[in-house]
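# Fold and contact review
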Amino acid sequence: MLVSQNASTSRYSQPMAAAEHYVFDNKLAVLLGDYLLAKVLGIASQLALPEVWPLLSDTVRRLTRGEMVQLSRRGCLDLAESDYFRFMEWKTASLTELSCRLGALSAGASKAEQEAYGQWGRDFGIFFQLKDDLKDFAGAADGKDSYSDLREGEVTLPVMYAMQRLSLNGRADFRRRYLKIQKPAGELEALAATVRDCGALHQAGEKLSQMQTVLLQQLEGFPESVYRLDLQQLVRETGNLQF
């Protein structure tokens, strides 16, 4: 599902999704996502767990709703922070939440434990997406095309923070430049410099650090295991910022 999501929005937060898009065309990348979804449904059908189906259905519904709402708000730079996090809950975070919930469910965890693991997965998905937003300013050295979100006019948290920090005239000028369909390299560099210079990138980085701390604290409440150690390492690596 993440492959289809990334292909449909031209965003590649996963190296695999980027690779599939460049090897094949966009239509085949979407079909690959559909195929993977069919494989997931096939695997789920072999599980003697009727609770799986409502979870899968709800996740697909939330993911689709998130895509539709985000497309309807494309180009809207005045979104509230709460709107951003709600979109991420519906999109990337719905997939990571599902993964954690299904893992707990298949392992025989209690309802309370399933909820705890699902909540952690949801929080990690938002954390992961925020890191992807920040990676746009790190460029190809961090596994993502330089300024791809800026080029496509995607509304990310650093951009939203910039709109909150700039003066009235500054916001008008930034909006005009940001919403251009074609942006030369110099324009992208200037937009990125505006986001950095007004403190918006630092503010988003601070938010990422806060979320990393919460995620690690949540993991402390889970049983000690090699899996918990792996998740702790994943959170630390994801939270590593290099600009």
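In this numbering scheme, every chain counts its residues from 1 along its sequence in written order. Local features are withheld for residues below a pLDDT of 70 in this predicted model, meaning they are given only at 70 or higher, and side-chain atom pairs are given and counted only at 80 or more; totals for whole chains, interfaces and linings count all residues. By convention in this description, side-chain values take in all heavy atoms of the structure and omit both hydrogens and water.

## Structural notes on the packing of helix α5 (residues 81-90) against helix α9 (residues 157-165)
Note the cut-off: The axes used here are C-alpha line fits, helices contributing only the stretch in contact, and every angle between their N-to-C directions lies in the interval 0 to 180 degrees. Numbering of helices and strands starts at the N terminus; helices are DSSP runs of H or I of at least 4 residues and strands are runs of E of at least 2. These descriptions rest on fixed angle ranges, namely under 35 degrees for roughly parallel, over 145 for roughly antiparallel, 65 to 115 for roughly perpendicular, and the rest for oblique. We call two residues contacting when some pair of their heavy atoms lies within 4.5 Å. Polar here means any residue outside two lists: the nonpolar Ala, Val, Leu, Ile, Met, Phe, Trp, Tyr, Cys and Pro, and the charged Asp, Glu, Lys and Arg; Gly therefore counts as polar.
With their axes 10 Å apart at the nearest point, α5 and α9 run at an angle of 170 degrees to one another. As judged from the angle between their axes, α5 and α9 are roughly antiparallel. Contacts between α5 and α9 involve Glu81, Tyr84 and Phe85 from the former and Leu157, Met160 and Tyr161 from the latter. Of the residues that constitute the contact of α5 with α9, the class distribution is five nonpolar, no polar and one charged.

## Regarding the environment of threonine 213
Under the convention used in this document: Relative accessibility decides the category of a residue: with a 1.4 Å probe and only protein chains considered, values under 20% of the type maximum give buried, values over 50% give exposed, and everything between is partly exposed.
If you trace the backbone, threonine 213 turns up in helix α12 (residues 200-220). Given a relative accessible area of 42%, threonine 213 falls into the partly exposed group. For the pair threonine 213 and valine 235, spaced 22 residues apart in sequence, the C-alpha to C-alpha distance is 9.1 Å.

## Topic: the confidence of the model for the protein chain
Selection criterion: pLDDT gives the predictor's per-residue confidence on a scale running from 0 to 100.
On average, residues of the protein chain score 83 in pLDDT, and 85% of them are at 70 or above. Mean pLDDT per element in the protein chain: helix α2 (residues 15-23) is the minimum at 45, and α12 is the maximum at 96. Note on residues 1-5: pLDDT is under 50 here. Beyond four places in sequence and across chains, it has 21 contacts. Confidence over residues 7-22 falls short of pLDDT 50; this stretch has 37 contacts with residues more than four positions distant or in other chains.

## Observations regarding empty space enclosed by the protein
In this approach a probe as big as a water molecule rolls over the atoms, and the regions it shows empty are the leftover space. This is how it is decided: Each cavity reported here is a set of points on a 1 Å grid over the protein atoms alone in which a 1.4 Å probe fits but cannot get out, each pocket an open set with protein on both sides within 12 Å along at least five of seven lines, and each lining residue one with an atom within 4 Å of a point. Grid points are joined across faces, edges and corners, and a volume is the space filled by probe spheres set on the points.
Under the counting rule described, the total for this entry stands at four cavities of 30 Å³ or more. One number sums up the size of the largest cavity: a volume of about 100 Å³. Lining the largest cavity are Gln70, Arg73, Arg74, Gly75, Leu79, Tyr84, Phe87, Met88, Gly153, Glu154, Val155 and Met160. Top contributing element to the lining of the largest cavity by residue count: α5, with three residues. Per-class residue counts for the lining of the largest cavity are six nonpolar, three polar and three charged.

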